[in-house]
Amino acid sequence: MRPILAVVTGLGLVLAAFAGVALALVLGTLAAGAITIARLTGRFQPATARASATSSHDKSKSDYRIWNDGRGTIIDM
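Caption draft 1: Main features of the overall build of the protein. Each helix and strand in the protein was counted, giving 2 helices and 2 strands. Buried positions account for 1% of the 77 residues belonging to the protein. With an accessible surface of roughly 7500 Å², the protein has 66% of that area assigned to carbon and sulfur atoms.

Caption draft 2: The pattern of salt bridges, seen in detail. Enumeration according to the criterion identifies 1 salt bridge in this entry. Put simply, arginine 71 and aspartate 69 hold a salt bridge, and the shortest N to O gap is 3.5 Å. Judged by its relative accessible area of 78%, arginine 71 falls in the exposed class. By relative accessible area, which is 37% here, aspartate 69 ends up partly exposed.

Reading the values: rules and limits
- Residues numbered from 1 in each chain as written.
- Predicted model: local features only at pLDDT ≥ 70, side-chain atom pairs only at ≥ 80, totals over all residues.
- Heavy atoms only, no water.
- Helix = DSSP H or I, 4+ residues; strand = E, 2+ residues; numbered from the N terminus.
- Buried < 20%, exposed > 50% of the residue type's maximum accessible area, 1.4 Å probe, protein only.
- Areas by Shrake-Rupley, 256 points an atom, 1.4 Å probe, with all protein chains shown as cover.
- Salt bridge = Lys/Arg side-chain N within 4 Å of Asp/Glu carboxyl O.

Everything listed here is a matter of coordinates, which is why it stays silent on function.
Here it is in structure tokens:
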């Protein structure tokens, strides 16, 4: 009885290993296809940054006050 159980268990493990490899192959193929399609359609193009030479933010908003009230430093933004 034990040899039969060992053979059945071994075959089950071998089939599970093949199923795992097949699943990994299918998922890898699908992922590679999705990435290829995304690259061909331009979905993976990096966003371009826009630089400006002039300062567009208001100076009064960036000013802040720092003082110590005796219990700790206060930063008022």
